Amino acid sequence: MAARLLPVLRFVIKGSLAGAAVYVAYDQGLLGSGTEGAEALKKAQAALPPAVREWTSYMGWELPRTPNFDFSPSDSWNKGVHTVMSALSVAPTRACEYTEEGWKYVKDLIK
């Protein structure tokens, strides 16, 4: 009986952890727009170093200072979206150009 229950229990625990992670990400605004993600990142950057300092002092460890990152997820996201859209907009033209070059190459091989 216990052998049959163990896989089900594992599945329930893993599913619960995954669901909780998605809920926390949604609740903190990580699944929203780029600006909401940037605000959540700023909150995490403000809250994480004191928590790590407290934990390391409790454990008796000393960690090096964390580096500062000047990174905006919303700017990077927008740049990526613009790059992908511009590549998709020129894709038909480039496909025609490459097809013409291919036909010219094949014709030169046949001659």
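Computed from a prediction, not measured in an experiment: that's the story for all the values here. (Residues numbered from 1 in each chain as written. Predicted model: local features only at pLDDT ≥ 70, side-chain atom pairs only at ≥ 80, totals over all residues. Heavy atoms only, no water.)

**Q** How would you summarise the domain arrangement of the chain if you had to cite specific residues and measurements?
**A** According to the domain assignment, the chain consists of domain 1 (10-63) and domain 2 (72-110). Its C-alpha centre places domain 1 at a distance of 39 Å from the equivalent point of domain 2. (Domains from an automatic or database assignment.)

**Q** Which residues make up the pattern of salt bridges, and what values do they have?
**A** By the definition in use, this model includes 1 salt bridge. Salt-bridge contacts for Glu 97 lead to Arg 94; the nearest nitrogen and oxygen are separated by 3.9 Å. On the criterion of helical spacing, the pair formed by Glu 97 and Arg 94 is a turn pair, its members being 3 residues apart in helix H3 (residues 73-110). Looking at Glu 97, the relative accessible area reads 37%, which means it is partly exposed. According to the relative accessible area criterion, Arg 94 is partly exposed, its value standing at 42%. (Salt bridge = Lys/Arg side-chain N within 4 Å of Asp/Glu carboxyl O. Helix = DSSP H or I, 4+ residues; strand = E, 2+ residues; numbered from the N terminus. Buried < 20%, exposed > 50% of the residue type's maximum accessible area, 1.4 Å probe, protein only.)

**Q** Before we move on, can you summarise the environment of Lys 14 with the specific residues and values?
**A** With respect to the helices and strands, the residue Lys 14 is situated in helix H1 (residues 2-27). Overall, Lys 14 belongs to the exposed group, its relative accessible area being 60%. When the C-alpha positions of Lys 14 and Thr 99 are compared, they lie 50 Å apart, and in sequence the two are 85 residues distant.

**Q** Tell me about helix H2 (residues 34-59), residues and numbers included.
**A** For H2, built from 26 residues, the straight-helix expectation of 38 Å at 1.5 Å per residue is met to within 8% by its first-to-last C-alpha distance of 36 Å. Along H2, the largest kink reaches about 25 degrees and is centred on Leu 48; proline Pro 49 follows within four residues of it. Listing the buried residues of H2 in full gives Gly 37, Ala 38, Ala 40 and Thr 56. With its phi angle positive at about 85 degrees, Gly 60 sits one or two positions after the end of H2. (Expected span 1.5 Å × (residues − 1). Bend = angle between axes of the 7 residues up to and from the residue.)

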